[in-house]
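What follows is each chain in one-letter form.
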Amino acid sequence: ARLGVLISGRGSNMAALLHASRLMADCPYEIVLVAANDPQAPGLAMAAAEGIATFGQSHQGLGRAAFDAIIEAELHRHGVTHVALAGYMRLLSPGFVERWAGRCFNIHPSLLPAHKGLHVHEAVLAAGETMSGCTVHLVTAELDGGPILGQARVAVLPGDTPESLAARILIAEHQLYPRVIANQFRSVSEPLPRLRALALALP
Ligand code: GRF
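Starting from 1, residues in each chain are numbered consecutively following that chain's sequence as written. Per-residue local features are limited, in this predicted model, to residues with pLDDT of at least 70; the limit for side-chain atom pairs, both in listing and counting, is 80 or more; totals at the level of whole chains, interfaces and linings are taken over all residues.

Named according to an unreviewed UniProt entry, the protein chain is Phosphoribosylglycinamide formyltransferase originating from Polymorphobacter multimanifer. UniProt positions are given in the numbering used here, feature names are shortened, and annotations may be inferred rather than shown by experiment. The record held by UniProt for the protein chain lists under Function (unreviewed entry) the comment "Catalyzes the transfer of a formyl group from 10-formyltetrahydrofolate to 5-phospho-ribosyl-glycinamide (GAR), producing 5-phospho-ribosyl-N-formylglycinamide (FGAR) and tetrahydrofolate." As its UniProt record puts it under Pathway (unreviewed entry), the protein chain is described as follows: "Purine metabolism; IMP biosynthesis via de novo pathway; N(2)-formyl-N(1)-(5-phospho-D-ribosyl)glycinamide from N(1)-(5-phospho-D-ribosyl)glycinamide (10-formyl THF route): step 1/1."

See below:
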């Protein structure tokens with residue numbers, strides 16, 4: 001798969017996806033473009049330094065569909081087949097979501113369906129929960145509401161602040177996201193050699 005990653009800021013999940021793809025034997029995805037809705041997003045500079053094509057443009061003054069069309073043109077220009085949102089702080093237009101249905105992933109720092117949207121860690125702590133985590137899901141029209149592909153659980157510690165909890169969950173995010181995305185492609189391609197071996201073993 002040719003992955004396009006959409007970011008808005010730091011880009012640490014993008015970096016995790018990138019390094020995992022380089023370290024994994026036979027990684028089934030390759031990052032071919034990192035795009036941001038802010039040309040100053042630090043993650044863009046990181047991706048560029050790693051030799052990845054980047055695109056940064058502010059969404060300001062553009063309607064949602066118009067801005068998404070610009071992003072989508074870039075995705076097509078680079079032959080992107082799948083999209084990973086990684087800290088992309090902008091709602092996608094319904095048309096974009098529809099056209100990339102089943103091919104657009106997101107990571108969210110909670111155990112969905114609990115705590116969708118923003119200020120997740122504050123909400124977890126305010127509710128006195130002892131377990132949180134992160135979720136990778138397919139993007140649908142409902143914010144943080146698409147089918148769940150994988151989750152990692154992270155314990156809440158006594159004395160946690162939203163910042164300390166976020167930092168610990170981020171470690172799990174970096175492990176989870178590359179694995180889940182890689183598995184999306186493996187789950188269809190991996191059984192094939194096994195089936196072929198079975199077929200060969202038949203009399
Ligand atoms: C991550 O916690 C992600 O789950 C959330 O925003 C944060 C982005 O961080 N959606 P980064 O830009 O990947 O470092």
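> So what exactly am I meant to see when it comes to the nonpolar core here?
The nonpolar side chains of soluble globular proteins are, as a tendency, buried together. Working definition: the nonpolar core is a set of buried Ala, Val, Leu, Ile, Met, Phe, Trp, Tyr and Cys residues, joined through C-beta atoms within 7 Å. Buried, partly exposed and exposed are defined by the number of other C-beta atoms within 10 Å of a residue's own C-beta, namely 20 or more, between the two limits, and 12 or fewer respectively, with C-beta atoms placed from the backbone. Core analysis: the largest hydrophobic core is formed by 48 residues, its most contacted members being Val5, Ile7, Met14, Leu17, Val34, Ala84 and Ala86. Each helix corresponds to a stretch of at least 4 residues labelled H or I by DSSP, and each strand to a stretch of at least 2 residues labelled E; elements are numbered beginning at the N terminus. Of the residues forming this core, the biggest block, six residues, is contributed by helix H6 (residues 162-189). Residues are scored as being in contact if the C-beta atoms we place from backbone atoms lie within 7 Å. Not counting the four nearest positions on each side in its chain, Val5 is found in contact with Met14, Leu17, Ile31, Val34, Ala84 and Ala86.

> Just checking my understanding: could you explain the sheet that holds strand S1 (residues 2-7) for this structure?
Consider a sheet: its strands pair through backbone hydrogen bonds, and that pairing is either parallel or antiparallel. For two strands to pair, DSSP has to find at least two bridges joining them. Taking strand neighbours across the sheet as the criterion, the seven strands line up as S3-S2-S1-S4-S5-S6-S7 in an open arrangement whose pairing is mixed. Across the chains shown, the open sheet's two edge strands, defined by having one partner strand only, are strand S3 (54-56) and strand S7 (148-155). Taken over all neighbouring pairs, the strand axes of this sheet differ in orientation by 20° on average, direction set aside. Here strand S2 (residues 30-36) pairs with S3 via three bridges, running parallel. For Ala35, the partnering residue across the bridge sits in S3 and is Phe55. Every axis corresponds to a line fitted to the C-alpha atoms, with the helix fit spanning only the stretch in contact, and the corresponding angles, defined between N-to-C directions, vary from 0 to 180 degrees. Along the sheet, helix H2 (residues 42-49) contacts S1, S2 and S3; its crossing angle with S2, the most-contacted strand, is approximately 145°. Taken strand by strand, helix H3 (residues 64-77) contacts S1, S2, S3 and strand S4 (82-85), and its axis lies near 160° from that of S2.

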